Each structure stands twice: as structure tokens, then as C-alpha cells.
Amino acid sequence: MSQETVINALTQQEWLDKVGDAVQPAIIKTFEAGGKTGQEIKDFLHGVWLGHPLHPVLTDVPVGAWTAAAVLDSLELLGGKKYKAGADAAIAVGLVGAAGSAITGLTDWTGTSGKSRKIGLMHALLNVTATTLYTTSYFLRKQKGSRKTAIGLAMLGYGVASLAAYLGGHLVYGEQIGVDHTATAAEYPEDFIAVLPENELAENTMRCVNAGEVPVLLARKNGEIYAIAHTCSHLGGPLSEGDLLDDGNVRCPWHGSVFSLQDGSVVDGPATAPQPKFEVRVNNGQIEVRLLKNV
Ligand code: FES
């Protein structure tokens, strides 16, 4: 069965939309109910502090630990009793990592929609199944006479976790979830390039202009002109259709990421990567921009 067949079959599952419709708003509302603290927790779980999504960092823990457990369990089945304690410890480490992966993954999932949301939900359900199998395996390992069943459940868990990891990989490489959407093959201008007559950018307004091949957000606030990349680093939202905030930041219209116009940095997630920032000058009545290299 080809990858395309698997993904297409998955995205035709309407029940995934029904579950998503029920669960996703509930998670969003829970964070919103926490006010500023809720936003800070959400930003932490997205990885704003890291400048990179936190979820893929944590998923390495269960994948690595459970791979080690599968090897050690296999050696035990071949007669190596000394590998027992190592396998049990690896399963416990994997369970701790799975908890961290689940909470960060669920937080990132709140920003998905359509096909990505369905694939993300199936990825999560498979991981919950794998974690349940490993948890059962862990406790059975403590009981006499259940060792082989426990190892069997762990092996089954490893297969399910591998399927989940496959879908996780597709979410990143196929659906571009978690990648920096300002990274583009288009050339960012290194020399000043005229983008708009200065008198066409009113105070307290934003415009999308093109600097060569790159869409740029121009904003005028308190008499200053600012320019950052127009495409939101999170999932590619159009920043000029968002809100120009009183504190001189801009909020993306799609999932509410807030960026500083001063330096393009992320103020609030879900975005974790900053917006490229442009130097601005006015020359012969034209606003000119070029990429600010140290960002
Ligand atoms: S596209 Fe998601 S916050 Fe901008």
C-alpha cells in the first residue's frame, strides 16, 4: 500500500473531524481560561522559548527508549537474563517522555485544520494506544509469570508507536506542520529595493508589498515605518490581514501568533520562529527595504 493511499484513506475518515470538532475547541478554551498564565504555558509547550517546536525534541525520548527496550527484550528472549532491568528502565523512561510528547503535541495540534488535523488526531490516537500497551507491559513485568506477555505487549506497542511516528513524519515533511514558513526558495533582497510610495502608507495601517519575489509586511506606527516578512512563520498566514496592536506588535489572523515589529521576534505563539526583519529607509518619496542580516 502506497503512502498516498494510506494518507488518502485517513483523510476520508469523517469521524476524525467529529472528534476534532469536539476536542480541539475544548483545549483552546482551557488555555484561554487561564488568561496570561494560560498563554505563557501554551507558549512554553509550543517551544517559543526554544525558537523551535518543543514536541519533536521530546518525541525522541520515547522513540529512543522504546527502541532500546525492544533490543533488550529481544536479547532477554534469546536467553540474556541480565538485560531485564535495562529493558524495564527503558520502558519507564519512554513513558515519561511520552507524557511530555503528548502534552506538547496536543498543544501544537490546536493550530491545525482540515487534513493536517485528521492526520494529527490519528497520530495522537496511535500514540495513546502505544502508551497504554507499554504501561500495561510495565506493570506486568512486576508480576511473576507474566514476563513473556509483558514483552509481547511491548513489541506490539513498538509497532503501533512506529506507525504513529510515520504519521508524525508525514505531518512535518508532507503537511509542513512545525516548519518555518518564512523559509522560502525566493531571494530576500540584500540591497535596498523600492516597495511603495511613502505617502501610500498611512499611520496605524499595514500593507502587503513585494520586495522582488518576497512578500513584505509594511506597518506605520507612531510615525515609524516597520517591515517584516509578510508570511507568518507558523503556517503561512497573511500578517497584513491581522491586527496592528497598540503596543507596536502584529497579530496573525489565522492562529493569533504575535510578532514584534521592532525585530520580528515571537511575542506569543503558536509560532516559534521569528519573522525575518527588514531595514527600512525613505528615498525620493519611496519606501525601500532590504533584509536585516543579523536577525
Ligand atoms: S499562521 Fe498560525 S499563527 Fe500565523
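Not measured: the values here are computed from a predicted model.

### Looking at the packing of helix α6 (residues 114-140) against helix α7 (residues 147-173)
- Across the interface, α6 lies against α7 with an axial gap of 8 Å and an inter-helix angle of 160 degrees. Put simply, α6 runs roughly antiparallel to α7. Crossing geometry of α6 relative to α7 is assigned as left-handed.
- A breakdown of the residues in the contact of α6 with α7 according to their chemical character gives 19 nonpolar, 11 polar and no charged.

### Considering the sheet that holds strand β10 (residues 286-291)
- Taking strand neighbours across the sheet as the criterion, the three strands line up as β1-β10-β9 in an open arrangement whose pairing is antiparallel. What marks the edges here is a single partner per strand, and that holds for β1 (193-197) and β9 (278-283). Between one strand axis and the next, the sheet turns by 30 degrees as a mean value, whatever way the strands run.
- Bridge analysis of β9 against β10 gives six bridges, and the strand direction is antiparallel. Residue V282 lies in a different strand from β10, and its bridge partner there is I287.

### Focus: the packing of aromatic side chains
- Scanning the entire structure with this criterion turns up four aromatic pairs.
- Relative to F139, the ring of Y138 lies with its centre 5.6 Å away and its plane at 80 degrees, an arrangement referred to as edge-to-face.
- On the basis of relative accessible area, Y138 is assigned to the partly exposed category, the value being 21%.

### Here we look at the UniProt feature "transmembrane region" (unreviewed entry) in the protein chain
- Residues annotated by UniProt as "transmembrane region" (unreviewed entry) correspond here to residues 89-107, 119-140 and 152-173.
- Between the C-alpha atoms that bound residues 89-107 there is a distance of 28 Å. The span itself is 100% helix and 0% strand.
- Note that residues 152-173 is 100% helix and 0% strand, and that its end C-alpha atoms are spaced 32 Å apart.

### Points about the pairing of strand β3 (residues 214-221)
- With seven of eight residues buried, β3 lies mostly within the body of the structure.
- Relative to β3, strand β2 (residues 205-211) is paired through seven bridges, and the arrangement is antiparallel. In the sheet register, A211 faces β3, and the bridge partner there is V214.
- The turn linking β2 back onto β3 is made up of two residues, and G212 within it adopts a positive phi angle of 65 degrees.
- Note that β3 and strand β4 (residues 224-229) share six bridges and pair antiparallel. Of the residues in β4, the one forming a bridge with V216 is A229.
- Linkage of β3 to β4, two consecutive antiparallel strands, is achieved through a turn of two residues, within which N222 is found at a positive phi near 50 degrees.

So, how was this worked out
- Residues numbered from 1 in each chain as written.
- Predicted model: local features only at pLDDT ≥ 70, side-chain atom pairs only at ≥ 80, totals over all residues.
- Heavy atoms only, no water.
- Axes fitted to C-alpha atoms, helices over the stretch in contact; angles between N-to-C directions.
- Helix = DSSP H or I, 4+ residues; strand = E, 2+ residues; numbered from the N terminus.
- Parallel < 35°, antiparallel > 145°, perpendicular 65-115°, else oblique.
- Left-handed = near helix turned anticlockwise from the far one by under 90°.
- Nonpolar A, V, L, I, M, F, W, Y, C, P; charged D, E, K, R; others polar.
- Pairing = 2+ DSSP bridges.
- Phe/Tyr/Trp six-rings, centres within 6.5 Å; stacked < 30°, edge-to-face > 60°.
- Buried < 20%, exposed > 50% of the residue type's maximum accessible area, 1.4 Å probe, protein only.
- UniProt positions renumbered as here; feature names shortened; annotations may be inferred.

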